[in-house]
Protein chains: 2
Amino acid sequence: MSFLQHLQCSLNGDVYPADQVHALSPAGRPLLCRYDLKRLRQQVDRDVFATRDGGFWCYEELLPCTDYSSVPRLGEIKTPLISLRDRRARIVVKDEGRLPTGSFKARGLALAVARARELGLHQLAMPSNGNAGAALAAYASRCDMRSLVVCPADNTPQMNIDEMRMQGAELELLDGMIDDCGKRVRELITGTDWFDVSTLKEPYRLEGKKTMGLELAEQYGWKLPSVIVYPTGGGTGLIGMWKGFKELVELGWLQQSELPRMVAVQADGCAPIVRAFAEGADEARRWDNAHTLAAGIRVPAAVGDRLMLQTLRESNGTAIAVSDAHIVSAWKQLASSEGLLLCPEGAATYAACQQLLDTGWISKDDEVVLFNCATGLKYPLPVT
Amino acid sequence: MSFLQHLQCSLNGDVYPADQVHALSPAGRPLLCRYDLKRLRQQVDRDVFATRDGGFWCYEELLPCTDYSSVPRLGEIKTPLISLRDRRARIVVKDEGRLPTGSFKARGLALAVARARELGLHQLAMPSNGNAGAALAAYASRCDMRSLVVCPADNTPQMNIDEMRMQGAELELLDGMIDDCGKRVRELITGTDWFDVSTLKEPYRLEGKKTMGLELAEQYGWKLPSVIVYPTGGGTGLIGMWKGFKELVELGWLQQSELPRMVAVQADGCAPIVRAFAEGADEARRWDNAHTLAAGIRVPAAVGDRLMLQTLRESNGTAIAVSDAHIVSAWKQLASSEGLLLCPEGAATYAACQQLLDTGWISKDDEVVLFNCATGLKYPLPVT
């Protein structure tokens, strides 16, 4: 009963069967899930989603699994929209910290794990700056699967390390960046039965992240806010939301002319996408000596660079870097004046929003959604 | 448009006007909100609640505020029910860690703060083992009100201390138990404009906690599970849920004969309610030398003792103590085999459930709800 038709190479459009295990395409680029949207449009009413429980699992016709009665469920919910009292625009925080394991990574990993099980895999490995590994560990354990995570030793939050271990992951800490950890994963698993579920290196995490876009569309009554501000490391969320919006347009459920401007936020100590966007490049060069307190966006090189840059340009969006000092001040301000304890990456979106308000790129007529990707309760807080 | 009629002393039934500020009754006991349920029944359809957003705020006709357009909103949601794979009974975790500030304390404090503002108060103080203080800080800051919290220095989790400070609370750490902290609060605020929002010492936190019961009733289709297992410190949740169930019975929305058995869970190092229940007493003596790693249930003496004991007896429930070792093993087991990272108090409910399954008090035909009162991400985890 799945509407999934095939997988398609994001670089050259070649198609591959969806009922087999795939990693990157032969061209070395992400594979994208393609659905029979024509049939879907005939058979599904968009109003059905609001009548279902189960958070992002409610969008099952737009997801790749074949049996939703057996997918792992850990209390998925639709994440709330919280209005800020900052009145320079209509600014709303979408609080992804309410998902299982306390972060948006639950969306992608729930799908990756569920689909891996359907395809007969039992052992899943990946690099992580923390939250993705925690989500993998939880969903894998729920499915009696093994998980293996390699994390940077220097800035993975201690809570992430502890929750991964509690939830049954095998963990290695490495002196290096997330892409170094990715290389270590490949070293460890080559020639074994372990499967690599790194960001965009298999096709299904992206489909989970896509649900952020589907959910926003539903929550806004099948219109969308004018600006989406998203903290960008690997970029799966940015790419996934945009993929979702385009599917909804093709289904006739959204108007093309009403799609939002997408904003990628990075830290000024690690801003490869911001640099590539400013240079008009199609791909992003690796960022040397990457550093930021926001561990989740310390990603010097990402396999989704082309897709991110395409998304920003197609949407008339932008990419912006913020300093750690500005992240910390935004973090404190939201906590003390709004009662919202975001993660540092979420605070970065507010810092970026403030800069874009100052320059006029965001105006007071805009309706802005900031993505808080994880609960602030996972992080050492800048109390002093 | 409120259906709130008056406040009533829980000891002697005397009534007091609801539009004035009240603490304990003149008899020194908690005051309870009483509603015009006859009029409410005529004017309100229970199916309306499922059509509203805003989590527990959706039950507005059964809550004490007068203007719901201005109550503080931080992304309240209906908390998910997560089935365990443990098949000895139908066991479900209600995950309160998904609420604003990551704990069930959001329910009570949202109501206390909202109602305090309606009654003209601006400065709210209380003792807390951590989560209540964090919820007070967030909702008070959201309302531009001041908050003051006194916590035990020895076992308040560091994250609670940090989040209270980030969210703008004034904080004092004291060498003592939660009731000692309560005395210190009274010392600090006597003769000032600060108002004491300690558990059950004002009438509105209880109404917030009541929504756990209303929400369960709605989620279970206006029937209820047969057993509710609840970690019990101050006991507001236990008392509040029972109060809610009785109101729903009076409204004709629930059957009296189908009310659940209520189980109070305490740690064996601090079990005053378990002892009083076993002794058949109406009140509980203070527990000397209280100790447990589960900070939230280290409450040696509670002003709601009579109401808790009444609830347990009226519901044919029970009270049970579990060891810290058993809490830790349940905590690890749920994380590694179910993918659920509970708080230690939530883990205590699973430990209790296991004991009650072993003795047969819970049988395989029972439908059991365990309350996980906070996200596990706030706590030092027992990784080794």
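Because the structure is predicted, anything quoted here is derived from the model rather than measured.

Draft legend 1. Local environment of the overall build of chain A. When you go through chain A residue by residue, the secondary structure sums to 11 helices and 13 strands. For chain A, whose C-alpha radius of gyration is 19 Å, the value lies close to the compact-globule estimate of 21 Å for 384 residues. For the C-alpha atoms alone, the extent of chain A along its principal axes is close to 50 × 50 × 40 Å. The contacts of chain A with a sequence gap of at least 6 include a subset with a gap of at least 24, amounting to 71%. Element-wise, carbon and sulfur atoms account for 46% of the exposed surface of chain A, whose accessible area totals about 13,100 Å². Charge centroids of chain A, computed over 42 positive and 47 negative side chains, lie 2 Å from each other.

Draft legend 2. Highlighting the interface of chain A and chain B. On the side of chain B, 41 residues touch chain A, which itself brings 41 residues to the contact. Summing both sides of the interface, chain A and chain B together bury roughly 3,200 Å²; the carbon and sulfur share of this comes to 62%. At the boundary of chain A with chain B, the tally comes to four salt bridges. The shortest N-O distance in the salt bridge between Arg85(A) and Asp144(B) comes to 3.1 Å. Here chain A and chain B share 19 residue pairs in polar contact (both at pLDDT 80 or more) between them. Split into classes, the residues belonging to the side of chain A that touches chain B amount to 19 nonpolar, 11 polar and 11 charged.

Draft legend 3. Highlighting the pairing of strand S8 (residues 170–174) of chain A. Where strand S7 (residues 146–152) of chain A lies against S8(A), five bridges are found, and the strand directions are parallel. When the sheet's bridge partners are listed, Val149(A) is paired in S8(A) with Leu171(A).

Draft legend 4. Representation of the domain arrangement of chain A within the structure. All names here are of chain A. Here the domain parsing of chain A yields domain 1 (4–62), domain 2 (81–101 + 203–378) and domain 3 (105–196). Using only C-alpha atoms to locate each centre, domain 1 and domain 3 end up separated by 23 Å. The tally of links between domain 1 and domain 3 comes to zero salt bridges. Tallied by class, the residues present in the side of domain 1 that touches domain 3 amount to five nonpolar, two polar and one charged.

Draft legend 5. Representation of the pairing of strand S5 (residues 90–95) of chain A. Residue and element names in this part refer to chain A. The element S5 is extensively covered by neighbouring structure, given that five of its six residues are classed as buried. In this structure, strand S4 (residues 81–83) lies alongside S5, joined through three bridges in antiparallel fashion. Bridge assignment links Ser83 to a residue of S5, and that residue is Val92.

Draft legend 6. Broad picture of helix H2 (residues 105–118) of chain A. Residues and elements named next belong to chain A. Given a rise of 1.5 Å per residue, 14 residues ought to cover 20 Å, and the 20 Å separating the end C-alpha atoms of H2 matches this to within 8%. Judged by how many residues are buried, H2 sits mostly within the fold: 12 of 14 residues are covered. For H2, the full list of buried residues reads Lys105, Ala106, Arg107, Gly108, Leu109, Ala110, Leu111, Ala112, Val113, Ala114, Arg115 and Ala116. Considering only its buried residues, H2 is in contact with strand S1 (4–9), S5, strand S6 (123–127), helix H3 (131–142) and helix H6 (205–219). Gly120 lies just past H2 and shows a positive phi near 90°.

Draft legend 7. A look at the sheet that holds S4(A). Residue and element names in this part refer to chain A. As summarised here, the arrangement of the six strands in space is S4-S5-S13-S10-S11-S12, forming an open sheet in which the pairing is mixed. Either end of the sheet is taken by a strand with one partner, and the two such strands are S4 and strand S12 (318–322). Averaged over all neighbouring strand pairs, the angle between strand axes comes to 25°, with direction disregarded. Pairing of S5 with strand S13 (residues 367–372), which is carried by six bridges, proceeds in the parallel orientation. Each bridged residue has a counterpart across the sheet, and for Arg90 the counterpart in S13 is Glu367. Lying over the sheet, helix H9 (residues 305–314) contacts strand S11 (261–267) and S12, oriented at roughly 135° with respect to S11.

Parameters at a glance
Residues numbered from 1 in each chain as written. Chains lettered and ligands numbered in written order. Predicted model: local features only at pLDDT ≥ 70, side-chain atom pairs only at ≥ 80, totals over all residues. Heavy atoms only, no water. Helix = DSSP H or I, 4+ residues; strand = E, 2+ residues; numbered from the N terminus. Rg over C-alpha atoms; globule rule 2.2 N^0.38 Å. Contact = heavy atoms within 4.5 Å. Areas by Shrake-Rupley, 256 points an atom, 1.4 Å probe, with all protein chains shown as cover. Lys, Arg positive; Asp, Glu negative; His and termini not counted. Charge placed at Lys NZ, Arg CZ, Asp CG, Glu CD. Buried area = accessible area lost by both parts, 1.4 Å probe. Salt bridge = Lys/Arg side-chain N within 4 Å of Asp/Glu carboxyl O. Polar contact = N/O pair within 3.5 Å; in protein donor to acceptor, adjacent residues only side chain to side chain. Nonpolar A, V, L, I, M, F, W, Y, C, P; charged D, E, K, R; others polar. Pairing = 2+ DSSP bridges. Domains from an automatic or database assignment. Buried < 20%, exposed > 50% of the residue type's maximum accessible area, 1.4 Å probe, protein only. Expected span 1.5 Å × (residues − 1). Axes fitted to C-alpha atoms, helices over the stretch in contact; angles between N-to-C directions.

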